[in-house]
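Chain and residue survey
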Amino acid sequence: MAHPITTPEIVIVEIDAETKEQAVRQLAEKLLAAGRLTGLDEYLAAVAAREEHFPTGIEGGVAIPHAQSDLVTIPSVAVATTSKGIDFGADDGASHLIFLIAAPASGENTHLEILGSLARKIMHEEFRDRLRAETDGSKIAEIVTQEVQK
């Protein structure tokens, strides 16, 4: 990939959201503002449709909402942290790290590559702890890009 998958402009430290829908919308708005997405509502509908089939909250306080869409111009991972936690349907409770994956619909296996790489990293408590402890969006973007984008 030619571009970093996460940049400071698409990171929200201590997101102000109560629901998964609010959190996903705020992250998608960051993608739109950064020129990585060309249509907000259509993309949100794709994420919501995916979420209906299977909750994207996973163990360890993590959520990985995602969707492939022709509206995505640059494969991206928007990131939010929250000390309050937001319910994404994980068995072990609220999510404190949210990774919104946006991948083009027409792309080799970009979506699966990003999801797989991210999933391998978040299995490690040390990786999750580093991100949760970080208060600088630039540093979060750097960590995610370094560790997930190969």
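This text follows the structure it describes.
These notes cover the structure that comes with them.

Parameters at a glance
- Residues numbered from 1 in each chain as written.
- Predicted model: local features only at pLDDT ≥ 70, side-chain atom pairs only at ≥ 80, totals over all residues.
- Heavy atoms only, no water.
- Helix = DSSP H or I, 4+ residues; strand = E, 2+ residues; numbered from the N terminus.
- Rg over C-alpha atoms; globule rule 2.2 N^0.38 Å.
- Contact = heavy atoms within 4.5 Å.
- Areas by Shrake-Rupley, 256 points an atom, 1.4 Å probe, with all protein chains shown as cover.
- Salt bridge = Lys/Arg side-chain N within 4 Å of Asp/Glu carboxyl O.
- Buried < 20%, exposed > 50% of the residue type's maximum accessible area, 1.4 Å probe, protein only.
- Pairing = 2+ DSSP bridges.
- Core = buried A, V, L, I, M, F, W, Y, C linked by side-chain atoms within 4.5 Å.

With respect to the overall build of the protein chain
Counting secondary structure elements, the protein chain contains five helices and six strands. When the helices and strands of the protein chain are read in sequence order from the N terminus, they spell out β-α-α-β-β-β-β-β-α-α-α. Over its C-alpha atoms the protein chain spans a radius of gyration of 14 Å, differing by no more than 12% from the 15 Å that the globule rule assigns to 150 residues. Across its three principal axes, the protein chain shows a C-alpha extent of roughly 35 × 30 × 25 Å. Taking contacts inside the protein chain between residues at least 6 apart in sequence as the whole, the part at least 24 apart equals 69%. Here the protein chain has roughly 7300 Å² of accessible surface; of this, 50% comes from carbon and sulfur atoms.

Some words on the pattern of salt bridges
Under the defined criterion, the tally for this structure stands at eight salt bridges. The partner of glutamate 51 in a salt bridge is lysine 20, with the nearest N and O atoms 3.6 Å apart. Placement of glutamate 51 in helix α2 (residues 40–53) and of lysine 20 in helix α1 (residues 20–33) is noted, with a sequence separation of 31 residues between them. Residue classification places lysine 20 among the partly exposed residues on the basis of a relative accessible area of 24%. Here aspartate 129 and arginine 132 are joined by a salt bridge, their closest N and O atoms 2.8 Å apart. Taken as a pair, aspartate 129 and arginine 132 lie in helix α4 (residues 125–133) at a separation of three residues, close to a single helical turn. Among the residues examined, aspartate 129 registers a relative accessible area of 34% and is labelled partly exposed. Residue classification places arginine 132 among the partly exposed positions, given a relative accessible area of 32%.

A short note on the pairing of strand β5 (residues 76–86)
Of all 11 residues in β5, nine are buried, a share of seventy percent or more. For strand β1 (residues 11–12) and β5, the ladder comprises two bridges, and the chain directions are parallel. Counted as the bridge partner of isoleucine 12 is alanine 80 from β5. Relative to strand β6 (residues 95–104), β5 runs antiparallel, the two being bridged by seven bridges. Pairing of alanine 80 across the sheet is with isoleucine 98, part of β6.

Points about the nonpolar core
By size, the foremost hydrophobic cluster in this structure holds 25 residues, and its most contacted members are Tyr43, Ile98 and Leu100. In terms of residues, this core owes the most to one element, α1, which gives five residues. Setting aside chain neighbours within four positions, we find tyrosine 43 in contact with Ala28, Leu37, Ala67, Ser69, Leu71, Val72, Leu100, Ile101 and Ala102. With 19 residues, the next largest nonpolar core counts Ile5, Ile64, Leu131 and Val144 among its residues.

A look at the environment of alanine 63
Note that alanine 63 resides in strand β3 (residues 62–63). Along the sequence, alanine 63 and alanine 94 sit 31 residues apart, while their C-alpha atoms lie 8.8 Å from each other. The contacts of alanine 63, once residues within four sequence positions are left out, are Thr56, Gly57, Phe88, Ser95, Leu97, Ile98 and Phe99.

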